[in-house]
Amino acid sequence: MRFHAEPIDFERQPGVGAPLWRGRAADGEDLLRFAISVHRHDGRLCALWGSDERSNGHGFRVHAIFALDEGWQYLTLDLPADDPVYPDLSGVFAAANRMQRATFDLVGIRHDGEDQRPWLRHGGWPADWFPLRHDAGDSPAHENRPTDYEFVKVGGEGAHEIPVGPIHAGIIEPGHFRFTVVGERVLRLEQRLGYLHKGTERRLAGADFSTGAKLVGRVSGDSTCAFAWAFAGAVEAACGVEPSPRALHLRALLLERERVANHLGDLGMLGNDAAFGFGLSQFFRLKEDWVRLNAQVFGHRFLMDRIVPGGVAVDADAAGLAAIAGQAETIEREVRELQRIYDEHAGLQDRFLTLGPIDAALVRELSLSGMAARATGLLLDARCHRHGYAPPAPWGTLAVRPASDERGDVAARVAVRFAEVYESLRLIRLLAAGLPGGELRVEVAPVPGAAGVGVIEGWRGEVIVGVQLGADGRIARCHPHDPSWQAWPALEHAVLRDIVPDFPLINKSFNLSYSGQDI
Amino acid sequence: MWPVLKRILKTGIVSEPAPEAGDVHREVDRLNDEILRIVGRALTIREVDAGSCNACELEIHALNNPYYNLEGRGIKFVASPRHADMLLVTGPVTKNMENALKIAYDSTPDPKLVVAVGDCGCGCGEVGALFGPNYATCGAVENVIPVDVRVPGCPPTPLALLQGILAAVRTR
Ligand code: SF4
C-alpha cells in the first residue's frame with residue numbers, strides 16, 4: 001500500500017492491534033518527503049527513535065511513526081555505520097526536535113539540523129559514549145557534573161528570567177522551567193527535561209517478555225495499563241499471537257479504570273490549584289474508593305503488571321464485576337453532583353475560563369494527541385470511529401464516543417475530563433455486564449528477528465511502544481513513547497500571555513508526565 | 001454555596017472507621033497520634049522525587065486524601081528542605097537528580113530524617129533490581145545520601161508509608 005503517491009511500499013501489521021503500516025525509506029530524502037506529505041495531509045509525527053543494527057550486518061537505523069486518518073505509518077531508514085546522519089525533521093514537525101536530540105544522546109546518530117543540544121544527557125555520562133550502542137559496554141568512569149544548558153535568550157527592556165526546578169514546590173516530578181517575564185507576564189517558557197532519565201531502554205535490551213512488561217509498565221506509573229498494553233500489543237504483533245476476546249475486554253476494563261482514576265485525581269488537584277480545597281478532598285475521596293476496588297478485584301491499586309504479553313494476569317469473577325458496575329453508578333452520581341458545583345462556582349470558572357489556551361492549529365503543528373487535543377475540538381481518539389478510521393478490537397463493538405470541547409483553555413480540559421469520566425464509566429458498566437469467553441492468557445513464543453508496534457489511547461493520549469527482537473528471541477530494542485513528548489511544547493505555548501502565578505493551574509490542566517518522556 | 005455544604009454534610013467524616021475497613025482506619029489514627037506524640041509538634045516533610053515512575057508519588061498524594069488526612073492532623077508536606085524535619089525520597093536516584101538530591105539533603109537542617117520510598121528507592125525486590133545502578137542511575141537512595149528507614153513496595157501503600165514515617169521518628 002502507498003500513501004499519497006509517495007514511492008514507499010507499506011505493509012499492514014498483522015494482528016488485532018491498531019491499524020498500522022510498515023515501510024522502509026530508501027534514503028533520507030524519502031523520509032523527509034514522506035514527512036512533508038504527512039504534514040500536508042494534517043498528519044502527525046508520533047514517535048522517533050534510533051537503533052544500532054551493526055551486529056546484524058547493517059549500520060544504524062532511524063525509526064519514525066507517523067499518523068494519518070486511516071492509522072499509523074511506521075517508517076525506518078537505514079544509515080551507514082560510519083557517520084550516521086539523517087535529515088532534520090523538526091522543520092516539518094516541531095515535535096521531532098527533542099526526540100532527535102534524545103536519539104543522539106542514546107544512540108549517537110545525528111540529524112543534520114541546527115539544534116544539537118543534548119536533551120537526556122545532562123553530564124552523567126561522557127558526550128562521546130552512547131548507552132544504546134551494542135558495543136557500549138559498561139559506562140566509563142566519569143564525574144557526574146551537571147553541564148550548562150543553553151537556554152534561548154530573550155532580550156528587551158524589563159525582561160528577566162525566573163528559573164524553577166528541577167525540584168518543584170509540591171509533591172511532583174522534577175523538571176526545569178525557565179520563564180522569561182516582563183512584570184508578571186510570561187514572554188517565554190523554555191523547559192529542560194530529562195531529570196528522570198533512568199536508562200530504561202538500556203535495561204530493556206536483552207530482556208525477556210515478562211521483564212520487558214514490568215519495565216515498560218513502569219515508564220510512567222499513572223499510565224501503567226496503557227504502556228503494558230502497548231508493549232503486549234507490540235510483542236503479540238511481532239510474534240503473530242492474538243489474545244482472546246476475554247483478555248482484550250479485560251484490558252479495556254483495566255485501561256478505562258486507569259483513565260477514571262487519573263481524571264478524578266486531576267479534577268481534585270485542579271480545584272485545589274484554583275483555591276477550592278473542597279474539590280480536592282471530594283475527588284481524592286472518590287479516587288481512594290476507586291483504587292481500593294482495584295486492589296480488591298485485581299490485586300493492585302494502580303493495576304501494575306495486570307496486562308501481560310498474550311493476555312491478562314487477572315480475571316474478574318461475578319462478584320468483582322458486580323462491585324465494579326455498582327461503583328460506576330455511585331461514582332457517576334457523585335461526579336455529576338461535583339461537576340454541577342464546579343460549573344456553578346464563580347471563583348473556579350473565573351480561574352478556568354480563557355486560561356492557558358491552545359488551538360487546533362497549534363495542536364496539529366505540534367502533533368499533539370489525546371485529552372488536550374480533544375479540548376481544542378479535534379476528534380482524535382484511537383478508540384473511536386471517525387471518517388476513514390476503524391478502531392481495533394475491542395473498541396469497535398463498544399462504540400466509544402470521543403469527548404470534545406472547542407475552547408482549548410483550562411475550562412475545556414476540565415470539561416473534557418468530566419466527559420471522559422462519564423464515557424469511561426459507561427464503558428466500564430458495559431464491560432462488566434458481559435465479558436466474552438476465552439483464555440486469559442495465551443503463550444507467546446518469541447519469533448527471532450521479528451518487530452512490532454503497539455498503540456494505545458492512554459488517559460493523556462497516544463502511548464506507543466516499538467519492539468524489535470534479536471536472534472535469541474529476546475528484546476533487542478524497545479522504545480516506549482509517552483504522549484507527553486508532544487504535549488510539553490504545547491504547555492510552553494499555553495502559558496504565553498498569562499502570568500507566572502497561573503502556571504501551576506495551567507500545568508495541572510495538562511498534567512504531563514516527566515518520567516514518561518525522560519525514560 | 002448550598003450544594004457545597006450539602007455535599008460536605010452528606011459525605012460526613014470519612015476518616016471515621018467504616019465497618020469493612022475499620023482496622024485500617026484505627027491503625028491510621030493510631031499511627032498519626034503516635035507520630036505527633038513522639039515529635040511533640042507538627043512534623044514537616046519534604047518529598048523529593050529523585051527518579052520515580054510517579055506511582056510512588058500517587059500514593060504519597062493519597063496520604064492527604066480524607067481517609068488518611070495527614071496534613072489535617074499536623075504532618076505537613078513543605079516546599080523547601082530548609083523547613084523540613086524529614087526527607088521522603090523516591091528513586092532510583094538518577095544521575096541527573098543526584099546533585100539536586102544532595103543539595104536538598106544538605107539544605108535540610110539537622111537532625112534530619114531520611115525515608116527511602118518504594119522498591120526502587122530502597123533497591124529491594126525484583127523491581128529494585130530491575131532499576132539498579134546503571135549509566136543513568138545510582139540505584140537506591142542510600143547510595144547517594146544516608147537513609148534512616150526504608151519503605152519497600154511498588155508502590156508502597158499509604159498505610160505502609162505512614163508506618164515508615166513513624167518508624168523514622170521512633171529512631172529519634
Ligand atoms: S517502586 Fe515501583 S512505583 Fe515506586 S518508583 Fe519504582 S517502579 Fe515506580
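Up top is the structure.
Here the structure is a predicted model, which is why all the values come from computation and not from measurement.

1. Digging into the packing of aromatic side chains
Part 1 of the argument: As enumerated under the stated definition, the model contains 21 aromatic pairs over all chains in all.
Part 2 of the argument: Between Phe 3 of chain A and Phe 10 of chain A, the ring centres sit 5.2 Å apart and the planes meet at 80 degrees, which makes this aromatic pair edge-to-face. Note on accessibility: Phe 3 of chain A and Phe 10 of chain A belong to one class, buried.
Part 3 of the argument: A residue is classified by how much of its surface remains accessible, and Phe 3 of chain A, at 2% relative accessible area, is buried.
Part 4 of the argument: Pairwise contacts between aromatic rings join Phe 3, Phe 10, Trp 21, Phe 34, Phe 66 and Phe 93 of chain A into one cluster.
Part 5 of the argument: When the ring centre of Tyr 422 of chain A is taken as reference, the NZ or CZ atom of Arg 336 of chain A above it lies at 3.8 Å.
Part 6 of the argument: Above the ring of Tyr 105 of chain B, the side-chain terminus of Lys 112 of chain B is found at 4.1 Å from the ring centroid.

2. A short note on the state of the cysteines
Residue and element names in this part refer to chain B.
Part 1 of the argument: Applying the stated rule across the entire model yields zero disulfides over all chains.
Part 2 of the argument: For Cys 138, which is in no disulfide, the shortest distance to another cysteine sulfur is to Cys 120 and amounts to 13 Å.
Part 3 of the argument: Judged by its relative accessible area of 11%, Cys 138 is buried.

3. Some remarks on the sheet that holds strand E14 (residues 462-469) of chain A
All names here are of chain A.
Part 1 of the argument: What the three strands build is an open sheet, ordered E13-E14-E15; its pairing is antiparallel. A single partner strand is all that each edge strand has here, and the edge strands are strand E13 (451-457) and strand E15 (475-481). In this sheet, neighbouring strand axes are inclined to one another by 10 degrees on average, regardless of whether the strands run parallel or antiparallel.
Part 2 of the argument: In this structure, E14 lies alongside E15, joined through six bridges in antiparallel fashion. Across the sheet, the residue bridging to Val 467 is Cys 478, located in E15.
Part 3 of the argument: Each of E14 and E15 touches helix H4 (residues 209-216); the most contacted strand, E15, lies at about 20 degrees to it.

4. What to know about the side chain of Asp 518 of chain A
Residue and element names in this part refer to chain A.
Part 1 of the argument: Its place among the elements puts Asp 518 in helix H16 (residues 515-518).
Part 2 of the argument: One buried charge, Asp 518, has no salt-bridge partner; the nearest side chain with opposite charge is Lys 198, at 6.9 Å.
Part 3 of the argument: There is a polar contact of 2.9 Å between the side chain of Asp 518 and the backbone nitrogen of Gly 194.
Part 4 of the argument: For Asp 518, the side chain forms a polar contact with the main-chain nitrogen of Leu 196, separated by 2.9 Å.
Part 5 of the argument: Leaving out residues up to four positions away in the same chain, Asp 518 has contacts with Leu 120, Leu 193, Gly 194, Tyr 195, Leu 196 and His 197.

5. Observations concerning the site of the ligand
Part 1 of the argument: Neighbouring the ligand are 13 residues, the closest being Cys 53, Cys 56, Asp 119, Cys 120 and Cys 154 of chain B.
Part 2 of the argument: Nearby residues around the ligand are contributed by chains A and B.
Part 3 of the argument: Mapped onto the shell around the ligand, the elements with two or more residues apiece are helix H3 (55-62) and helix H5 (118-122) of chain B.
Part 4 of the argument: Examining the composition of the shell around the ligand, we find that three residues originate from one element, H5 of chain B, more than from any other.
Part 5 of the argument: Counted by class, the shell around the ligand contains seven nonpolar, four polar and two charged residues.

6. Overview of unusual backbone geometry
All names here are of chain A.
Part 1 of the argument: Put simply, Gly 165 and Pro 166 share a cis peptide bond, and its omega is 20 degrees.
Part 2 of the argument: Along the chain, Pro 166 falls in the loop between strand E8 (159-164) and strand E9 (176-182).
Part 3 of the argument: The phi dihedral of Ala 5 falls on the positive side, at around 60 degrees, and the residue is not glycine.
Part 4 of the argument: We classify Ala 5 as exposed; its relative accessible area is 73%.

7. Quick look at the pairing of strand E3 (residues 44-52) of chain A
Residues and elements named next belong to chain A.
Part 1 of the argument: Most of E3 is tucked away, with nine of its nine residues classed as buried.
Part 2 of the argument: Where E3 and strand E4 (residues 60-68) come together, eight bridges link them in antiparallel fashion. Paired with Leu 45 across the two strands is Phe 66, which belongs to E4.

8. With respect to the environment of Glu 443 of chain A
Part 1 of the argument: Here Glu 443 of chain A shows up in the loop between helix H13 (410-433) and E13.
Part 2 of the argument: Residues Glu 443 of chain A and Val 241 of chain A, spaced 202 residues apart in sequence, show a C-alpha to C-alpha distance of 8.2 Å.

9. With respect to the nonpolar core
Part 1 of the argument: By size, the foremost hydrophobic cluster in this structure holds 157 residues, and its most contacted members are Phe 66, Phe 231, Phe 283, Phe 298, Val 335 and Phe 352 of chain A.
Part 2 of the argument: For this core, the two domains that each supply at least three residues are domain 1 (11-111) and domain 2 (200-510) of chain A.
Part 3 of the argument: What Val 335 of chain A contacts, discounting residues up to four positions off in sequence, is Leu 264, Phe 283, Leu 286, Phe 418, Val 421 and Tyr 422 of chain A.
Part 4 of the argument: In terms of nonpolar packing, the next biggest core, distinct from the first, is built from 29 residues, Ile 75, Leu 88, Val 115 and Leu 162 of chain B among them.

10. Considerations on the interface of chain B and chain A
Part 1 of the argument: The partner chain A presents 56 residues to the 54 residues of chain B that form the contact.
Part 2 of the argument: Interface area lost by chain B to chain A is led by Arg 7, Asn 96 and Tyr 135 of chain B, which between them contribute 18%.
Part 3 of the argument: Taken together, chain B and chain A are joined by two salt bridges.
Part 4 of the argument: Of the charged contacts in the structure, one is a salt bridge between Glu 59 of chain B and Arg 301 of chain A, with a shortest N-O distance of 2.5 Å.
Part 5 of the argument: Across the contact surface, chain B and chain A share 26 residue pairs in polar contact (both at pLDDT 80 or more).
Part 6 of the argument: Of all the secondary-structure elements, those providing two or more residues to the side of chain B that touches chain A are helix H1 (2-11), strand E1 (43-49), H3, helix H4 (95-107) and helix H6 (125-130) of chain B.
Part 7 of the argument: Of the residues contributing to the side of chain B that touches chain A, the split by class is 30 nonpolar, 14 polar and ten charged.

Thresholds, definitions, all that
Residues numbered from 1 in each chain as written. Chains lettered and ligands numbered in written order. Predicted model: local features only at pLDDT ≥ 70, side-chain atom pairs only at ≥ 80, totals over all residues. Heavy atoms only, no water. Phe/Tyr/Trp six-rings, centres within 6.5 Å; stacked < 30°, edge-to-face > 60°. Buried < 20%, exposed > 50% of the residue type's maximum accessible area, 1.4 Å probe, protein only. Lys NZ or Arg CZ within 6 Å of the ring centre and 35° of its normal. Disulfide = S-S within 2.5 Å. Pairing = 2+ DSSP bridges. Helix = DSSP H or I, 4+ residues; strand = E, 2+ residues; numbered from the N terminus. Axes fitted to C-alpha atoms, helices over the stretch in contact; angles between N-to-C directions. Contact = heavy atoms within 4.5 Å. Lys, Arg positive; Asp, Glu negative; His and termini not counted. Salt bridge = Lys/Arg side-chain N within 4 Å of Asp/Glu carboxyl O. Polar contact = N/O pair within 3.5 Å; in protein donor to acceptor, adjacent residues only side chain to side chain. Near = heavy atom within 4 Å. Nonpolar A, V, L, I, M, F, W, Y, C, P; charged D, E, K, R; others polar. Core = buried A, V, L, I, M, F, W, Y, C linked by side-chain atoms within 4.5 Å. Domains from an automatic or database assignment. Buried area = accessible area lost by both parts, 1.4 Å probe.

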